[in-house]
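In case you want the letters, here they are:
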Amino acid sequence: FIQYMVGPKLVEWTMRVKYIQRADNPRLFQIVESLASRANIPAPKIGIAQIQIPNAFAFGRSIGDGRVCVTQGILSLLSDEELKAVLGHELTHLKNRDVLTITLLSVIPMVMYRIAWQFLFYGRRRDERGGNTVLIGVSAFVFYFITNLLVLYASRIREYFADKGSVALGNRPSVLASSLYKLVYGSARLNPVALKESEGLKAFFIYDPSQARNEIKDLAQLDLDKSGTIDPSELALLRGKNIRLGVGDKLMELLSTHPNMLKRIKKLSEYH
């Protein structure tokens, strides 16, 4: 919500984004322009975030104001085909106006929180009886909690849609699955201090790097030949398996803007 109201400058400053010209990285420009043409949207501005966390993100108030960014860390980690799959995900976010959608939904829990705070801590001072104000405040807080969970759920659903959108733009599901696997692995190897530099804006990322160390153990089991990628045959094997998360993983996903990565890759296995 803050990003939408204050503008892209907040994201750019926090992530140390440097916008580039075609001559700076011709392959990146070619990939983005090709995907934008397929998606039938204007080519967004392209930026490189000067951080080592391997990731990508997109933002902007409208499709015409779209910006897509990759980090320094992702450029040295993924192949061109894998990078194209990741950027297909990000351009789908722009096409679907996901930033605006989640921003508008986020207004509801923010209003509920403000009402709860007002009645619980200020309303009682003005009303000696206090009973009604406390009841209103508690009710507002309950609605804040519920609506906040619904916004997080909507955010997770948008991630699934963006994955599907990347496949619709011509990227193979196994390539996107490999990309996500590599991004998790790359983040899990980083010093925890490095992961904190983007903590406040991780909702914009293609995945939440703070969950990398929890998720890498499950994902490593998918890479049967230890090649560092998830090939089509390995993804096909996942299609027939039932994914069961522990209580801790379920709770962590419930409070996250991103789906559990194992479930997410399982969903990719269903696309052909």
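This report concerns the structure included in the present document. The written sequence of each chain sets the order in which its residues are numbered from 1. Owing to the predicted nature of the model, reporting of local features is limited to residues with pLDDT of at least 70; listing and counting of side-chain atom pairs is limited to 80 or more, with chain, interface and lining totals taken over all residues. The basis for every side-chain value is the complete set of heavy atoms in the structure, and neither hydrogens nor water enter the calculation.

1. Topic: unusual backbone geometry
Spelled out, the test is: Every helix listed is a DSSP run of H or I at least four residues long, and every strand listed is a run of E at least two residues long, numbered separately from the N terminus. The buried label applies to any residue whose accessible area, calculated with a 1.4 Å probe on protein chains only, is under 20% of its type's maximum; exposed applies above 50%, and partly exposed to all values in between.
The phi dihedral of Arg16 falls on the positive side, at around 55°, and the residue is not glycine. The residue Arg16 is located in the loop between α2 (8-15) and β1 (17-19) in this model. Backbone geometry at Arg97 places phi at a positive 55°, although glycine is not the residue there. As for its placement among the helices and strands, Arg97 is situated in the loop between α5 (80-95) and α6 (98-126). Residue Arg97 is classed as partly exposed on the basis of its relative accessible area, which comes to 47%.

2. Some remarks on the packing of helix α3 (residues 26-39) against α5
Going by this rule: Structural elements are reduced to axes, namely lines fitted to C-alpha atoms, with helices fitted over the stretch in contact, and the angle between N-to-C directions of any two is expressed from 0 to 180 degrees. Throughout, the term roughly parallel applies to angles under 35 degrees, roughly antiparallel to angles over 145, roughly perpendicular to angles from 65 to 115, and oblique to all others. Should the near helix be turned anticlockwise from the far one by less than a right angle, the crossing is left-handed, and should it be turned clockwise, the crossing is right-handed. Contacts were defined at the residue level, with two residues in contact if any of their heavy atoms lie within 4.5 Å. For this classification, Asp, Glu, Lys and Arg are treated as charged, while Ala, Val, Leu, Ile, Met, Phe, Trp, Tyr, Cys and Pro are nonpolar and the rest, including Gly, are polar.
Direction vectors running N to C along α3 and α5 enclose 45°, while the axes themselves pass 9 Å from each other. In terms of orientation, α3 lies oblique with respect to α5. Where α3 crosses over α5, the two elements pack in a sense that is right-handed. Contacts between α3 and α5 involve Arg27, Leu28, Ile31, Val32, Leu35, Ala36 and Ala39 from the first element and Asp80, Leu83, Lys84, Leu87, Gly88, Leu91 and Lys95 from the second. Here the contact of α3 with α5 is built from residues that sort into nine nonpolar, one polar and four charged.

3. Re the side chain of Lys266
How we decide: When charges are counted, neither His nor the chain ends are considered; positive counts come from Lys and Arg and negative counts from Asp and Glu. Any carboxyl oxygen of Asp or Glu that lies within 4 Å of a side-chain nitrogen of Lys or Arg is treated as forming a salt bridge with it. Under the rule applied, a polar contact is a pair of N or O atoms within 3.5 Å (in protein, one hydrogen donor and one hydrogen acceptor; residues adjacent in sequence only if both atoms are side-chain atoms).
Relative to the assigned elements, Lys266 resides in helix α13 (residues 261-268). Despite its burial, Lys266 remains without a salt bridge, the nearest opposite charge being carried by Glu270 at 5.1 Å. There is a polar contact of 3.2 Å between the side chain of Lys266 and the backbone oxygen of Leu238. Polar contacts involving the side chain of Lys266 include one to the main-chain carbonyl oxygen of Lys241, which spans 2.5 Å. Once residues within four sequence positions are removed from consideration, Lys266 is found in contact with Leu238, Arg239, Gly240, Lys241 and Ile243.

Purely geometric stuff here, so don't read any function into it on its own.
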